[in-house]
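Listed here are the chains, written in short residue letters.
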Amino acid sequence: MSSTVAVVVGNLLPPAQVWRWPLVLCALAALALALARRRRLWWVAAGTCTGLAACAFAARLPLAIGEKSLPVRFTVAIRDGWVESTQGFRTRARLEQLEWRGTPLQHEREIELYIAGSAALSELPGAGTRWQGSGELSGGARMPLGSGVLRVKSLLLLRPLPGGPWLDGVRDRGVGALQRAAGVSPRLLRAAGLASALMLGRREELQEGEVTSLRRSGMAHLLAVAGLHVGLVAGFFWLVLFGLGVGPRGRRWLIAVAVFAFALLSGGNAPVRRAATATIAYLVARQLGRPLVPLPTTWAIVAGLMVLEPAAVLEPGFQLSAFVTLALVRWVGPVQKRLVALPRWLASALAVALVAQCASMPLVGQHFVAVAPLGVVANLAAMPLAFVLVAASLVALVLAGWWRLAGAALLQLVAATQWTLDGVSRLGGLGSVPFPPFVVLLAGVFGALAALALTRSRWSAAAALAAVAITAAWLVTPLPRPFPHELRALAVSDGMAVLVRSGAGAVLVDAGRAPMEAWRELSRARVHRLDALVITHPDIDHIGGAAVLLERARVGALMYPLVLAERREIGRLRRLARERGIPECPLAAGQLFRIGDATCEVLWPPARPTSADNNASLVMGVGVGGIRLLITGDLEASGEAALLASGAAVRSDVLQLPHHGSRTSSTASFLRAVGPVLALAATGVSPRFAYPDRTVAERVRRLPSVLVSQPGTVSVGWETGGPLVLAGGEGVRVHRRQGRERE
Ligand SMILES: [Zn+2]
């Protein structure tokens, strides 16, 4: 356990590489002392040194990466098919070589690769081919051991290399065989896509809708090949070998071989690799006849996996499976004992469900910002289905190559199971509620309590109860709201996401750059329902988080400028909205409507096409509680001029500075025409450029008007007819119109 804690610390503050060998020596010395003296202190020291040494050895992102990205040259082998995302086409690739300014960089083998710009799906490099090229490596500076993302601006920057891993060729043939077995039936083709994803790690044929519906109930992991599937494959082979009458010793060896082969074939991504390692280690230990005490064994496996791959601790999937497994091993027995009144099978099923729910909820909430209280029940019900799915896919893959009819029959079974699974998942997702992420201090307290709860200490029961109580209290405690009306620039890291609230109503204008952030920040503000999601224009720093919101949040309507309706990025959101039954609302200048207590007047763009995207940004006056807000998106100087020339009523109390306060916008004449009391540069917390621009800031101050830039969440609140009060910054109080004084 001490090495686990050391790896967690080592990820945040990795020791310099010069300490590698000294740490190994310390670990060996402590281990020798521990074996000689049999004192707990030396075991703790040995574990700590091992964990830190593992972090010192681990590949890390270069420090220079910061918020920006590094120009790199690389050689990769494409691992998977391509999936379209908001940031271009995406796939997984295996890194063979990576260098920055001529120096080779260490990095994890597997990396996500994006190709931006417009490319046709058929032009993209196929799975199993090798490529050399140049692009940008980006990653999180705060988590130096994490893995990065490679972005390539255009296909022209990639050059094919001869050769490719033979295994990818095998996978390609497998995908082909499954598709031939499916024939032309769309239902069977979907099943073939699912079987390829489960068995061969090829996700390109997976339909977006399938993943989304499972994600809502926390069951998407059933489609991502991971530790669970390793377990299911092992179980399947156990059954088959048991049926064939193979003895326990031979069975263990054969299962170990099968698990290894499956890990290779399914792509051997990190979770599969880890689960396969753990399973094989367990089988070998059993084979050698070791008596295994469950809790220390599980801890040893978790610690071992973390020492092998320290960066794994940053992955939600690893955290979740390690934590839930430990919790199940530690607490199912004691909980079951408390339920003596019930029949045995019911008591054990209830105990498993209860422990898994309590353990998974805080972590799932922290990472995915929503918890499904029914999700665990649905998951338990889904287990047998998942087993059938894996077994049928496996046999279909084996048979499809040489007996097409049998392959097709098994694909029918895959399709039927998937259909049932979808129904179960829908039930599970019914009670899904947003979970606001823990604040740092609370996360620390929770972590300490959870660690204590997973030991055999006499305080563990109290710690477990306290951890559960903290989670429950955090989930239900409402946040105080000092003002009935509020304008809040959400603390997304880059881009714009502005929330307007009045009474129970809430409208979000734009959704920032990173997919999850707007959803997380909304949840943090305890906003569970949006009356409308308004998209000003399809730039990635405004639209990046919109898809996640449409998938997961309760959204009343999707609004966007009519002239941009046919843009690819907006088209994708419209498809999502249609799938979820969310009404669409294309906007054009001249429209006037109400959302809850707010009156909205669309001022720009007109219904006829205009030139560039930024100048087609939505401009909207919103009247709430006696205050008028002007939303401007990324409008630039020429757009401002055209807007003024159209004679639109722009005068407002609060102005969202166009284009984040960049120098392309906010001309003096525009600012004078709006005459705001308060000008907000909605930039996100760490924008890519130095916003707001100095000349714009000077112009705003000369109005005179209060300029608000965005170091974190910025909130402006007011009572109906009352003064604007700025919170989150330095507590500036602004009187309207008459006074314009600051306190
Ligand atoms: Zn922007």
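All figures in this text were calculated on a predicted structure; none of them were measured in a lab.

1. Structural notes on the overall build of the protein chain
And then number 1: The helix and strand tally for the protein chain stands at 23 helices and 28 strands.
And then number 2: Across the 743 residues of the protein chain, 45% fall into the buried class.
And then number 3: Restricting the contact set of the protein chain to residue pairs at least 6 apart, pairs at least 24 apart contribute 68%.

2. Here's the deal with the nonpolar core
And then number 1: Counting 182 residues, the largest nonpolar core has A195, L411, L508 and L680 as its most contacted members.
And then number 2: The biggest single contributor to this core is helix α13 (residues 375–400), with 11 residues.
And then number 3: Excluding residues within four positions of it along the chain, L680 makes contact with A489, V654, L655, Q656, L657, V708 and V714.
And then number 4: Core analysis: the next-biggest nonpolar cluster, separate from the first, contains 20 residues, V76, F89, L98 and L150 among them.

3. Some words on helix α2 (residues 20–37)
And then number 1: Here α2 contains 18 residues, and its C-alpha end-to-end distance of 26 Å stays within 8% of the 26 Å for a straight helix at 1.5 Å per residue.
And then number 2: Among the residues of α2, L23, A27 and A30 are the ones counted as buried. The buried residues of α2 occupy one face: seen down the axis, they fall within an arc of 70°. Away from its buried face, by an angle of more than 90 degrees, α2 presents the exposed residues W21, L25, A32, L35 and A36.
And then number 3: Turning to α2, the residues buried within the fold contact α3 (40–57).
And then number 4: Backbone geometry just downstream of α2 places R38 in the positive-phi region, at approximately 55°.

4. Observations regarding the sheet that holds strand β25 (residues 706–708)
And then number 1: Across the sheet, 7 strands lie side by side as β19-β20-β21-β22-β23-β24-β25; this open sheet has mixed pairing. Where the open sheet ends on each side, the last strands, each with one partner, are β19 (592–595) and β25. Between one strand axis and the next, the sheet turns through 20° on average, direction left out of account.
And then number 2: As judged from the 5 bridges shared by strand β21 (residues 619–624) and strand β22 (residues 627–631), these two strands associate in the antiparallel manner.

5. Structural notes on the packing of helix α4 (residues 166–182) against helix α5 (residues 186–200)
And then number 1: With their axes 8 Å apart at the nearest point, α4 and α5 run at an angle of 155° to one another. By the angle between their axes, α4 is roughly antiparallel relative to α5. Here the hand of the crossing between α4 and α5 comes out right-handed. Along the contact surface, α4 presents R171, G174, V175, L178, Q179, A181 and A182, while α5 presents L188, L189, A191, A192, A195, S196 and L200.
And then number 2: Looking at the contact of α4 with α5 residue by residue, the classes come out as 10 nonpolar, 3 polar and 1 charged.

6. Some details on the pairing of strand β17 (residues 558–561)
And then number 1: Side chains L558 and Y560 of β17 all project onto a buried face; the interleaved residues M559 and P561 project onto the opposite face, where all are buried too.
And then number 2: Pairing of β17 with strand β18 (residues 584–587) involves 4 bridges; the strand directions are parallel. Bridge pairing in β18 links L558 to E584.
And then number 3: With helix α20 (residues 568–579) bridging β17 and its parallel neighbour β18, the resulting β-α-β unit is right-handed.

7. Examining unusual backbone geometry
And then number 1: The linkage connecting W604 with the following residue, P605, adopts the cis geometry, with an omega of -5°.
And then number 2: By the secondary structure assignment, P605 is in the loop between β20 (598–604) and β21.
And then number 3: With phi around 65°, D510 is a residue other than glycine that occupies positive phi space.
And then number 4: Tracing the backbone through its elements, the reader meets D510 in the loop between β13 (505–509) and α17 (517–524).
And then number 5: The residue R526 is not glycine, and still its phi comes out positive at about 60°.
And then number 6: Among the structural elements, R526 can be located in the loop between α17 and β14 (529–530).

8. Thoughts on the environment of V233
And then number 1: Mapping V233 onto the fold places it in helix α7 (residues 227–243).
And then number 2: With 34 residues separating them in the primary sequence, V233 and M199 have C-alpha atoms 9.9 Å apart.

9. Some remarks on the confidence of the model for the protein chain
Interpretation of this model should avoid reading the predicted coordinates in detail wherever pLDDT is low.
And then number 1: Averaged over every residue, the pLDDT of the protein chain is 81; residues scoring 70 or more account for 88%.
And then number 2: Confidence over residues 729–743 falls short of pLDDT 50; this stretch has 27 contacts with residues more than four positions distant or in other chains.

10. Thoughts on the packing of helix α11 (residues 316–338) against helix α12 (residues 344–368)
And then number 1: At a minimum axis distance of 8 Å, the contact between α11 and α12 shows a crossing angle of 150°. The orientation of α11 relative to α12 falls into the category roughly antiparallel. In this structure, the crossing between α11 and α12 has a hand that is right-handed. Between α11, through P316, Q319, L320, F323, V324, A327, L328, W331, V332, V335 and Q336, and α12, the contact on the second element is made entirely by A347, S348, A351, V352, L354, V355, A356, A359, S360, L363, V364 and H367.
And then number 2: Class assignment of the residues belonging to the contact of α11 with α12 gives a composition of 18 nonpolar, 5 polar and no charged.

11. Remarks on the environment of W474
And then number 1: Within the secondary structure, W474 sits in helix α16 (residues 460–476).
And then number 2: In this structure W474 comes out as partly exposed when scored by C-beta crowding, with 17 C-beta atoms within 10 Å.
And then number 3: Taking the C-alpha atoms as reference points, W474 and P362, separated by 112 residues in sequence, lie 9.7 Å from one another.
And then number 4: With residues near it in sequence (within four places) discarded, W474 still touches F438 and L442.

Cut-off values and rules
- Residues numbered from 1 in each chain as written.
- Predicted model: local features only at pLDDT ≥ 70, side-chain atom pairs only at ≥ 80, totals over all residues.
- Helix = DSSP H or I, 4+ residues; strand = E, 2+ residues; numbered from the N terminus.
- Buried ≥ 20, exposed ≤ 12 C-beta atoms within 10 Å, placed from the backbone.
- Contact = placed C-beta atoms within 7 Å.
- Core = buried A, V, L, I, M, F, W, Y, C linked by C-beta atoms within 7 Å.
- Expected span 1.5 Å × (residues − 1).
- Arc of directions from axis to C-beta.
- Pairing = 2+ DSSP bridges.
- Axes fitted to C-alpha atoms, helices over the stretch in contact; angles between N-to-C directions.
- Parallel < 35°, antiparallel > 145°, perpendicular 65-115°, else oblique.
- Left-handed = near helix turned anticlockwise from the far one by under 90°.
- Nonpolar A, V, L, I, M, F, W, Y, C, P; charged D, E, K, R; others polar.
- Right-handed = clockwise from strand over helix to strand, strands pointing away.
- pLDDT = per-residue confidence, 0-100.

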